[in-house]
Amino acid sequence: MQIRPALSLLAALAGFVPAVPAFAAEDLTLYTQRHYEFDEAVHRLFTEKTGITIKVVKAASDELIVRLQEEGTNTPADLYMTADGGGLDRAKKAGLLQPFASKAIKEKVPATLRDPDDQWVALTKRARVLIYSPDRVKSGELSTYEDLADPKWRGRLVARSSSNIYNQSLMTTVIEANGAEAAGAWAAAVRKNMVRPPQGSDRDQIRAVAAGLADVALANTYYLGLLEISEDQKDRDAAAAVRVFFPNQEGRGAHVNISGAGIVKSSKKAALAAQFLEFLLSDEIQSLYAVETFEYPVSETAKWSATQEKWGKFKSDEVAFSVLGDRNAEAVRLFNQAGWE
Amino acid sequence: MAINPQAPALPIVAPVVTRRPPRWRWRGDRWGAGAALLTGIIALPLLAILFHLGQHSVEWGHLAGTVLTRYLTNTLILVFGVSLLVLIMGVVPAWLVTTCEFRGRRVLSWALILPLAIPTYIAAFVFYQGPEAAIPMLIQVRLRFGVEAFLLAEQIIRYGLLIVMLAAVLYPYVYLACCSAFSRQSRAVIEAARCLGDSPTRSFLRAALPMARPGIVAGVALVIMEVINDYGAVHFFGVPTLTEGVFRTWFGMGDKVAALRLAGIMMLGVAALLALEQWLRGRARYVEADAGSIPMKRLPLGGGKAALAFLVCFVPVALGFLFPVGRLVHWAGLHLLSDSEGGFPAGLALVRGFSLALATAVVVTALAALFMYAVRLRESRLRRLLGRIAGMGYATPGAVIAVGVLVVFGTLDRLELPLLPLVSGTLFVIAFAYTVRFFAIPLQLARAGLERIGKPLEEASRLLGHPPLRTFLRVDLPLLRAPLIAAGMLLFVDILKELPLTLILRPANFETLATTAYSLASEARLQACAVPALLIVAVGAIGLLVMNRWLQPPVPHD
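1. Quick look at the overall build of chain B
Thought 1: When helices and strands are tallied, chain B shows 27 helices and two strands.
Thought 2: Relative to its 558 residues, chain B shows a buried fraction of 50%.
Thought 3: When contacts within chain B are restricted to residue pairs at least 6 apart in sequence, those whose partners lie at least 24 apart make up 85%.

2. Focus on the overall build of chain A
Thought 1: On a plain count of helices and strands, chain A comes out with 15 helices and ten strands.
Thought 2: Since a compact globule built from 341 residues should have a radius of gyration of about 20 Å, the 22 Å found for chain A is in line with a globular shape.
Thought 3: Counting only residues that meet the buried cut, chain A has 55% of its 341 residues in that class.
Thought 4: Here the analysis covers contacts within chain A between residues at least 6 apart in sequence; of these, 77% occur between residues at least 24 apart.

3. A few points about the environment of Phe409(B)
Thought 1: Within the fold, Phe409(B) resides in helix 18 (residues 398–414).
Thought 2: Take Phe409(B): there are 27 C-beta atoms within 10 Å of it, and that puts it in the buried class.

4. Observations regarding the interface of chain A and chain B
Thought 1: Listed by partner, the interface residues are 53 residues for chain A and 58 residues for chain B.
Thought 2: Mapped by element, the contributors of at least two residues to the side of chain A that touches chain B are helix 1 (3–14), strand 2 (53–58), helix 3 (61–71), helix 8 (202–210), helix 9 (221–228) and helix 15 (328–338) of chain A.
Thought 3: A per-class count over the side of chain A that touches chain B returns 20 nonpolar, 18 polar and 15 charged.

5. Overview of the domain arrangement of chain A
Residue and element names in this part refer to chain A.
Thought 1: The domain boundaries assigned to chain A delineate domain 1 (22–125 + 257–304) and domain 2 (126–255 + 316–338).
Thought 2: Averaged C-alpha coordinates put domain 1 and domain 2 at centres separated by 27 Å.
Thought 3: Contact residues are listed per partner, giving 17 residues for domain 1 and 17 residues for domain 2.
Thought 4: When contributions to the side of domain 1 that touches domain 2 are tallied by element, the ones reaching two or more residues are helix 4 (85–93), strand 5 (121–132) and strand 9 (255–264).
Thought 5: Of the residues forming the side of domain 1 that touches domain 2, the biggest block, six residues, is contributed by helix 4.
Thought 6: Partitioned by chemical class, the residues of the side of domain 1 that touches domain 2 number four nonpolar, seven polar and six charged.

6. Some points on the packing of helix 16 (residues 346–377) of chain B against helix 20 (residues 427–438) of chain B
Residues and elements named next belong to chain B.
Thought 1: At their nearest, the axes of helix 16 and helix 20 sit 10 Å apart, and the two run at 55° to each other. Put simply, helix 16 runs oblique to helix 20. As for how helix 16 packs across helix 20, the hand of that crossing is right-handed. Side by side, helix 16 and helix 20 meet where Leu356, Thr360 and Val364 of the first sit next to Leu427, Ala431, Tyr434, Thr435 and Phe438 of the second.
Thought 2: Here the residues of the contact of helix 16 with helix 20 are counted per class, giving six nonpolar, two polar and no charged.

7. Let's talk about helix 10 (residues 233–240) of chain A
All names here are of chain A.
Thought 1: Every buried residue of helix 10 is accounted for by Asp235, Ala238 and Ala239. For helix 10, the angular spread of buried residues about the axis comes to 100°, placing them on one side. For helix 10, the exposed residues lying more than 90 degrees away from the buried face are Gln233 and Ala240.
Thought 2: Elements in contact with the buried residues of helix 10: helix 8 and helix 9.

8. Some remarks on the domain arrangement of chain B
Residues and elements named next belong to chain B.
Thought 1: You can read the domains of chain B as domain 1 (55–285 + 301–316) and domain 2 (348–510).
Thought 2: Here the C-alpha centre of domain 2 lies 24 Å away from the C-alpha centre of domain 1.
Thought 3: Each side of the interface is counted separately: domain 1 has 28 residues, and domain 2 has 26 residues.
Thought 4: Listing elements by their share of the side of domain 1 that touches domain 2, those giving two or more residues are helix 8 (172–184), helix 11 (213–228), helix 13 (242–252) and helix 14 (256–281).
Thought 5: If one sorts the elements of the side of domain 1 that touches domain 2 by residue count, helix 11 sits on top with seven residues.
Thought 6: When its residues are assigned to classes, the side of domain 1 that touches domain 2 shows 22 nonpolar, four polar and two charged.

9. Some thoughts on the packing of helix 7 (residues 180–193) of chain A against helix 15 of chain A
Residue and element names in this part refer to chain A.
Thought 1: Relative to each other, helix 7 and helix 15 sit at 45°, their axes nearing to 9 Å. Comparing their axes, helix 15 and helix 7 come out oblique. Note that helix 7 runs across helix 15; the crossing there is right-handed. Of the residues in helix 15, those touching helix 7 at Ala180, Ala183, Gly184, Ala187, Ala188 and Arg191 are Glu330, Leu334, Phe335, Gln337 and Ala338.

10. Description of the confidence of the model for chain A
Thought 1: Mean pLDDT over chain A: 91, with 93% of residues reaching 70 or higher.
Thought 2: Below a pLDDT of 50 lies the segment residues 1–23 of chain A, which in the model reaches 14 contacts outside its immediate sequence neighbourhood of four places, other chains included.

11. A short note on helix 7 (residues 135–170) of chain B
Think of an α-helix as 3.6 residues a turn; residues three or four steps apart then line up on the same face.
Thought 1: Over its 36 residues, helix 7 of chain B runs only 27 Å from end to end, short of the ideal 52 Å by more than 12%, given 1.5 Å per residue.
Thought 2: Those residues of helix 7 of chain B not exposed but buried are Leu138(B), Phe150(B), Glu154(B), Arg158(B), Leu162(B), Ile163(B), Met165(B), Leu166(B), Ala167(B), Ala168(B), Val169(B) and Leu170(B).

The rules we used
Residues numbered from 1 in each chain as written. Chains lettered and ligands numbered in written order. Predicted model: local features only at pLDDT ≥ 70, side-chain atom pairs only at ≥ 80, totals over all residues. Helix = DSSP H or I, 4+ residues; strand = E, 2+ residues; numbered from the N terminus. Buried ≥ 20, exposed ≤ 12 C-beta atoms within 10 Å, placed from the backbone. Contact = placed C-beta atoms within 7 Å. Rg over C-alpha atoms; globule rule 2.2 N^0.38 Å. Nonpolar A, V, L, I, M, F, W, Y, C, P; charged D, E, K, R; others polar. Domains from an automatic or database assignment. Axes fitted to C-alpha atoms, helices over the stretch in contact; angles between N-to-C directions. Parallel < 35°, antiparallel > 145°, perpendicular 65-115°, else oblique. Left-handed = near helix turned anticlockwise from the far one by under 90°. Arc of directions from axis to C-beta. pLDDT = per-residue confidence, 0-100. Expected span 1.5 Å × (residues − 1).

Written out as structure tokens, the structure is:
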């Protein structure tokens, strides 16, 4: 009875011994918020092509910022990647990133999708749109995010919690466009129009529209793409029952957030890291993003997926991404006051 | 000299005491110092965080004026709802399987533990199908009875299912604690109650239940702490609690101080609850009549009673294990049968999670047992306080602890002490963080165990001249076998399931089953996520069953 636990302890400790490192081929360490399985496939492609392996730590963007701050110059991280422009801006302002020198990156990516000081670059775009039921929403009924505050939508909307960064980012752009007071009133009215309290993920909002509970959901397009290729028939049926509407096309455009990355300040492998970013921005990989995660490529020469072509071209809001970082606290405060949980 | 005041009270043992006064005194201090040091180390990350509490907060007034009431109300609703349910789902089956004999009892007695292997963030996906399935019904309610009725129904379904879900996967904390308490209760007391004319139910309520109180309290305390720092499930169900407030305020608003005040409310709330329980308990002490007594003979049940007992024990297993596992198997089947490519290194993730959980569980349980013994050796307010402080990590959200640990190791790194960079950013850091987070589990169970054993045996051993360590190893440890194995078991599955700490602190390329499942779930790929989720459940369940075998009453030595 005394021996067995001791033995299992030894066995367990054996698990701690790290594997003998492979011959010091070059590697890069990436701190990322992106939880995509597809990203790992991309990393493998990069390794095949260059021999450089990618080591990954995945966690929430702000938690990774704390980790970078505390690790200081001892950090093993070479790259910091998020699924939200605000996170990139906060990392920059915390002094955690260094500018990239790569000309190729600058040529490939439009200036609006890069940091003005070249400290980060967008890798993909994601549009936050209105997903509606064609049976219950008349054509011409949908127009803008602002219009969702109209009483005609009472009991017809669904959205997820405002703790979610996608809602917070959208809110920063509403504040930027209309001012804080109007944005607060907007959030309160939209919350009032919701058929149920916020819950679940974007996926669940789309399914609620498909199930007939609500007529319009606030969601990112790629969730719809993922439902379309789901292994569950119910998900595919739900995706077939709804349509995408890009709001504010007459005005500032639909809210587009980015997933992007920057090179960590203390990294001594800036050139390698830039090489990795260039690889992610190559048309080959950019087109793969469109197919695999349904995110929009930032490269203008990369191909969209058939699903994205079906959703259609749209005008996107070109607000500076520093707004997302700067106004985030204000957005949360307004959500709190508006009662949007 | 120092122990003179004790001498008159114990005239018979006076010679023993006076023979070696300096040594006794010294040893006692060493245990105390050890306990204090351990508390200090464990509390360091919490202190690093609490340090900010007194600072100026920009957003606190705003929070208090807007969302604080909602956070508090939701937290209290969940705490009370889940506590009540786990008491029913934990205590009654524990009593039935330890004291009655009915068809299926043996299988149920271990199956009742299995829900522990289901992480709450996985159970949340499964149980959220409830509100989703209720949509057609809710639409009918809206059509016939109006919006108010609809909103009420929607809320009842959602809160109700969340409470049932949390209780269904957390009740084993209470069940395990009760089983270990009931199975060690002496037959004499219960039989005395029966002889005095009590019915079995009455003897349960009047004798067995009060005697099991330390265990029940320990179990419920763990459940409450799990509930208040759950993040995934409450967020998913749209029931924002204080923990959601902590993250939202810290990361969304960048106000660390206000966020930590919210976390502070949680810690204080738990501390207040435990103090209240101590106070209600008054001067009652729990001492086993004779530890070597024969276990109770199980009362055979027949017919309707047996069926009822079976049902009462089966429902928790069905809700907390069979239903979620059934759904996961369905999803995993869809995933595996489809031609979608992409797998994950399951073997590696499995070995990693398993070995890390097992090693940490063993070490932490041993530490906690020694710690609790030190606290008990000379009961004093100070030492009891040490125990409370060392256990506070369990009432703190995992991500908050992770940040505290990062701050501590970051500070150590900046001091540039030799050797330390080797330590920082390694598995040692995660293991340490798990210790901070989960120390309360073995602590609570060891405390309950020591309380039930009482002092007599230990005092006898000490009076026979055995020093504390030997007394601990030869007297208390064997008697603590059951609660400590139970504690190790709970720790093992808790670490296996743990997510927020692991996500933030792990070394590069360190994927466990939990982190893999989380990644897939956050991609909204539930079918693919079901595969690692099932593996967690399988490893957890196997671990639980193996340890449960060790829990079977040992052959009496004497």
